[in-house]
Every structure is written in C-alpha cells, then in structure tokens.
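# Inside the fold
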Amino acid sequence: RFVVAAELVTSRGPITSERGAKVLALARDLAADPRIDVLSITDNPGGHAMLSPDALGTDLISRGQEVIIHLACKDWNRNALESRGWQLSSAGFHNVLALSGDYPVTGPKGLAAPVFDIDSVGLISLFADMNAGLPDVRRPDARLHRTDFFLGGVVTNHKLHEREVMPQYFKLRKKSRAGARFVINQVGWNTRKDDELVRWIKRDGLDLHVLANVYVL
C-alpha cells in the first residue's frame, strides 16, 4: 500500500498561543488517525520565521508517531547544522528532509540575512558523514558516535521545458549519491510529471523512495 504522509506548517509564536495550540491539536488528530503513517513538519517555509519543527515534533514522537523534520540551510552555517543534527538525533528524530530553503522575506526590524553556507546536497552529505561517524577534531584517530538519519531531499520537476527540468534531475542525482534515501517532489498539477519522476529515478538507477506531493484544495 501507499505510505501516507501529511505535511504540517507550524505557527508564528509559542506553541501555547492560540495558533500554536490549534496546530498542535490538528497534529494530534492526524497522529491518532490510522491512515496517516508519518507527519512531515516544515522549517520556516516561505522565508518567514516560524516555530521550530521539533517543538511540535517532540510531542508527536512521544506518542509513537513517525515524524519527518524539515531542515533548511538558509538560517544556519555548517557548524550550526552539525550541532542541530546532534540535537535532532538526541531528541529521537531520525527522518530528515534536507532543503536549501526559501530566501528570507521578513525579519524583526529589517530583512533577515540569509546564510546558505552549504546547500541541500551539502547538508545531506554532512548528515551522511555523521551517520558514518565524523572524525573527532580533538583526536584525529577517533570517530564520534554515529547518528541514524534516514535522509531525504526535494525535487521541483513540474517544469515545462527540458532546460528547466533537467537541472532538477541532475541535482537529484547528486542528492542520491550524497546519501538521500527518499525524495518528495514539490507540488504541481500534472500527474504525467509524477510519472516522469518515477521513470527518471528508475532509468538513472537511483536508490530512492518517492513521495508524491498532493495538495487538497
């Protein structure tokens, strides 16, 4: 059967606020629904500052719910992303969707500066290295404890022209070779493009599980 995931967008403000409580209630309802296998939680979508996804995800994994945590590169440099990886692993999050992230569009008292020290391919590579055990900088002959991340990426293949879509597939190949195990495509309105994505993955011999993106209007 299909694996069914539902994507949750967190709110602005603390989880104890009216909006935060509404999102938490929805998340708990979805977690209690036997038709839902995994909940996927966004990380500052659209370039806006939102509640951290693990603030919501912690409640869900305590209920035995599988969670995919989105992690975007726009707000963190590589050191902060490594630290964030240790935090997520320690909290019991193992499914990570690596994203470059949307360019910031707001910020308190001005536009927030983007970071983009590495992109989604670099983040997947970093976390794959953490899975293998990073070298300990203090003891070059020793390695740090391994993480157990199941890594994923996104692809925007709903493009009309070959010159637009092929760079997306080439980057998807890089993500797979860097350590991605699953892919979610950005929402689109052409099921032939979903079929095309599956065919490309098979043709290119990529070891990827695919989640189609369906938006309920």
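So, a few notes on the structure that sits alongside this text. Starting from 1, residues in each chain are numbered consecutively following that chain's sequence as written. Only residues with pLDDT of at least 70 are given local features in this predicted model, and only at 80 or more are side-chain atom pairs given and counted; all residues enter the totals for whole chains, interfaces and linings. Side-chain metrics in this entry use all non-hydrogen atoms of the structure; hydrogen atoms and water are not considered.

What follows is about the overall build of the protein chain. Scanning the protein chain from N- to C-terminus turns up six helices and nine strands. It is over C-alpha atoms that the radius of gyration is taken, and the globule rule equals 2.2 Å times the number of residues to the power 0.38. For 217 residues, the compact-globule estimate of 2.2 N^0.38 gives 17 Å, and the C-alpha radius of gyration of the protein chain, at 18 Å, lies within 12% of that figure. The C-alpha extent of the protein chain, read off along each of the three principal axes, is 55 × 45 × 40 Å. Partitioning the intrachain contacts of the protein chain with sequence separation of at least 6 by distance along the chain shows that 75% fall at a separation of at least 24. For the protein chain, the computed accessible surface area is about 12800 Å², with 53% contributed by carbon and sulfur atoms. Per the convention used, a helix needs a DSSP run of H or I reaching at least four residues, while a strand needs a run of E reaching at least two, with both numbered from the N terminus. In what follows, a contact means two residues having at least one pair of non-hydrogen atoms within 4.5 Å. Per-residue accessibility takes into account occlusion by the displayed protein chains alone, with areas from the Shrake-Rupley method and a 1.4 Å probe.

Attention now goes to the environment of D54. By the secondary structure assignment, D54 is in helix α2 (residues 53-61). Taking the C-alpha atoms as reference points, D54 and F93, 39 residues apart in sequence, are found 8.3 Å from one another. Leaving out residues up to four positions away in the same chain, D54 has contacts with I69, R84, Q87, L88 and F93. Each polar contact in these results corresponds to two N or O atoms within 3.5 Å; when the atoms are within protein, one needs to be able to donate a hydrogen and the other to accept it, and residues that are neighboring in sequence are counted only if both atoms are side-chain atoms. One polar contact links D54 to R84, side chain to side chain, over a distance of 2.7 Å. At 3.2 Å, the side chain of D54 forms a polar contact with the side chain of Q87.

Our focus in this paragraph is a nonpolar patch on the surface. Like charges are joined within 9 Å and nonpolar side chains (Val, Leu, Ile, Met, Phe, Trp, Tyr) within 5 Å, but only among residues with over 30% relative accessible area and no salt bridge; these make up the patches. Any carboxyl oxygen of Asp or Glu that lies within 4 Å of a side-chain nitrogen of Lys or Arg is treated as forming a salt bridge with it. Together, V187, W189, Y215 and L217 make up a nonpolar patch on the protein surface, roughly 560 Å² of accessible area in all. With respect to the helices and strands, the residue L217 is situated in the segment after β9 (209-211). Only protein chains enter the area calculation, which uses a 1.4 Å probe; residues under 20% of their type maximum are buried, those over 50% are exposed, and those in between are partly exposed. Given the relative accessible area of 87%, L217 is considered exposed.

This paragraph deals with the pattern of salt bridges. Across all of its chains, the model carries 12 salt bridges by this definition. One salt-bridge network, in which partners are shared between bridges, spans R28, D59 and R63.

Here we come to the packing of aromatic side chains. Only the six-membered ring of Trp is used, alongside the rings of Phe and Tyr, when aromatic pairs are assigned; centres must lie within 6.5 Å, and planes under 30 degrees apart are stacked while those over 60 apart are edge-to-face, with the rest tilted. Across all of its chains, the model carries three aromatic pairs by this definition. Between F150 and F182, the aromatic rings sit 5.6 Å apart at their centres with planes inclined by 15°, giving stacked as the arrangement. You can see F150 sitting in strand β7 (residues 150-155) and its partner F182 sitting in strand β8 (residues 182-185), a full 32 residues away along the chain. Judged by relative accessible area, F150 falls into the partly exposed class, the value being 29%. Judged by centre distance (5.1 Å) and plane angle (20°), the rings of Y169 and W200 are stacked. Of this pair, Y169 sits in helix α5 (residues 162-178) while W200 sits in helix α6 (residues 191-204), and the two are 31 residues apart along the sequence.

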